[in-house]
Amino acid sequence: MTEVRVRTRLTDSIQDPGTSAPMLAATAPTTAPRPIIDPPEQSVFGLSELSLWYGHKQAIADIGMKIPVNKVTALIGPSGCGKSTLLRCLNRMNDLITGVRITGSVRYRDQEIYAPHIDPVEVRRRIGMVFQKPNPFPKTIYDNVAFGARVNGYPGNMNELVEHSLRQAALWDEVKDDLKKSGLALSGGQQQRLCIARALAVEPDVILMDEPCSALDPIATLKIEDLLRDLVQQYTIVIVTHNMQQAARVSDYTAFMLMDEQGAGRLVEYGVTNEIFTNPRDRRTEDYITGRFG
Amino acid sequence: MTRTAFDRQLSEIQEDMLVMAGMVESAIERGIEALKERDVQLAHEIIADDLKINRKRYETEDKCLELIATQQPLAGDLRTIVSVLHITVDLERMGDHAEGIAKIALMLADEPPLKPYVDIPRMADVARGMLMDSLEAFKHRDTALAREVCNRDDEVDELYDKLYHELIGYMLKDPANIQRATYLIWVTHNLERIGDRVTNICERVVYLVEGHIQEMNVSKY
């Protein structure tokens, strides 16, 4: 039997993969940058020319985007690109940091949230937040969930509110017999769902999540991700995540941010998640999501 | 930051695919040679070699699945792997068509030739040229070449049409020709299918570069 002849024309540029750099064009060349097209759905937030400085250091520059209602929008990008800063602009959490200066506009349901007459506490009631590290209060599970509602003088049935919130956070079945137990006694994943229940109990419109799974194991992470897909039926969710697979799994829209030469975060590409992860238009997005950034 | 190991594995699956394409191209060429020369030994070799082509396909598929499972490829990387998976299936089927031609060469080996072989080798040359160029288009991410190759399938279809009518003519002229003419129609059918599968490769090149699937040349057959 003769050996199959292999035409060198096809293989002539192939080098030994063990000793050489890749010989084929690595990936598809990207075409012109994707214009930042806002989602077609009705939007909850409209940002324009939003910039923020910590003292003299500009953290984000000239952000313009719309965030659609009842969708999960993911903010991704390398450390220091300003994605958490941007998230915190959406409910005025940055007000709490001294030396912060903000210019531009953040409109929430057609109201400028940085207008002088707006009460930031009311902004944060409507736009709740869940943080990276679960941070339950050193109180019972019940009191953790009821806390915000009590502060706001909730007039309804508190037991029902606590149960409803815990059910929405997919935690009720695990804690219904232990409501008097300390929130701190729960596992990390349960604590994070308790924090989500606490955020839901004040009946917000939007939930901001700043790397909500980064302190959790993979199983707890998947539970939170499933929960997000349920919650988005009722709420608008904006999530910052370092985990690109997570952004790909849970979000409807993805915004990619990157530092410019001055170190300020800018929006590079924004679009339907499926498109961003299979066919990004901007070379910088492609490099980041394929792990070739830097 | 680079992903050296991943980049090497990505290159490896593309090399495997190109090597496989070389094996298929050779099988087509030798299949026609076996037919023309009534070379029984060569025909048997092609049939045996098809197992190597099949094995290469499954090896490449295993490597692609391993990359998907372990590296979570995205964007251009993901499109590259998906394209390799699809193209190796098309190549494997083209190998089967070449094997089909070799089997017909065996069936015709003891028969006197029905006619001098001119258009069948020409059809094979066009199909092989398309195959080679489609892989060049893949290597260089050249969508213009991919589209041009697709258009060449019309030439294959025209030759198929021409040969079909000619061979039917032989059958009508003398029923003794029917069996040999039918076998030769099978040969042309194999070549026509090879041309169609090359257009699938070209569509994958466009997908790889532009990120969308586009049906580029719907064959007449």
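Note that the coordinates shown come from a computational prediction; the quantities given were computed from them, not determined experimentally.

1. Observations concerning the pairing of strand β8 (residues 236-240) of chain A
Residues and elements named next belong to chain A.
Argument step 1. Across the five residues of β8, five count as buried, placing the element largely inside the fold.
Argument step 2. In β8, alternate side chains face the same way, and those of T236, V238 and V240 on one face and I237 and I239 on the other are all buried.
Argument step 3. Taken together, the four bridges between strand β3 (residues 72-76) and β8 define a ladder with parallel strand orientation. By the bridge assignment, V72 is partnered in β8 with I237.

2. Remarks on helix α6 (residues 153-173) of chain B
Residues and elements named next belong to chain B.
Argument step 1. In a regular helix each residue adds 1.5 Å, so 21 residues correspond to 30 Å; α6 covers 30 Å between its end C-alpha atoms and thus fits that length.
Argument step 2. Where α6 is concerned, the buried positions are D153, V156, L159, Y160, L163 and L167. On an axial view of α6, the arc spanned by its buried residues comes to 110°, and they lie on one face. Turned more than 90 degrees away from the buried face of α6, the exposed residues are H165, G169, L172 and K173.
Argument step 3. Tucked into the core, α6 has its buried residues touching α4 (119-140), α5 (143-151) and α7 (178-210).

3. Details of the nonpolar core
Argument step 1. V24(B) and A127(B) are the most contacted members of the largest nonpolar core, which totals 137 residues.
Argument step 2. If sequence neighbours within four positions are ignored, A127(B) has contacts with I28(B), V156(B), L191(B), I194(B), G195(B) and V198(B).

4. Details of the confidence of the model for chain A
Argument step 1. Across chain A, the average pLDDT comes to 87, with 87% of residues at or above 70.
Argument step 2. Every residue in residues 1-33 of chain A is under pLDDT 50, and counting partners more than four places away or in other chains gives 65 contacts.

5. Considering the packing of α4(B) against α7(B)
Residue and element names in this part refer to chain B.
Argument step 1. In contact at an axis separation of 9 Å, α4 and α7 are set at 15° when each is read in the N-to-C sense. Accordingly, the angle class assigned to the pair α4 and α7 is roughly parallel. Crossing angle aside, the handedness with which α4 passes α7 is left-handed. In this structure, α4 contributes I120, M123, A124, A127, M130, L131, S134, A137 and F138 to the contact, and α7 contributes L184, V187, T188, L191, I194, G195, V198, I201, C202 and V205.
Argument step 2. Of the residues that constitute the contact of α4 with α7, the class distribution is 16 nonpolar, three polar and no charged.

6. Here's the deal with the packing of α6(B) against α7(B)
Residue and element names in this part refer to chain B.
Argument step 1. Closest axis-to-axis distance for the α6/α7 pair is 10 Å, and the angle between their directions is 170°. As summarised for this structure, α6 and α7 are arranged roughly antiparallel, according to the angle between their axes. Contacts between α6 and α7 involve D153, V156, D157, Y160, L163, Y164, L167, Y170 and M171 on the former and, on the latter, I178, A181, L184, I185, T188, L191, E192, G195, D196, V198 and T199.
Argument step 2. When its residues are assigned to classes, the contact of α6 with α7 shows 13 nonpolar, three polar and four charged.

About the cut-offs
Residues numbered from 1 in each chain as written. Chains lettered and ligands numbered in written order. Predicted model: local features only at pLDDT ≥ 70, side-chain atom pairs only at ≥ 80, totals over all residues. Buried ≥ 20, exposed ≤ 12 C-beta atoms within 10 Å, placed from the backbone. Helix = DSSP H or I, 4+ residues; strand = E, 2+ residues; numbered from the N terminus. Pairing = 2+ DSSP bridges. Expected span 1.5 Å × (residues − 1). Arc of directions from axis to C-beta. Contact = placed C-beta atoms within 7 Å. Core = buried A, V, L, I, M, F, W, Y, C linked by C-beta atoms within 7 Å. pLDDT = per-residue confidence, 0-100. Axes fitted to C-alpha atoms, helices over the stretch in contact; angles between N-to-C directions. Parallel < 35°, antiparallel > 145°, perpendicular 65-115°, else oblique. Left-handed = near helix turned anticlockwise from the far one by under 90°. Nonpolar A, V, L, I, M, F, W, Y, C, P; charged D, E, K, R; others polar.

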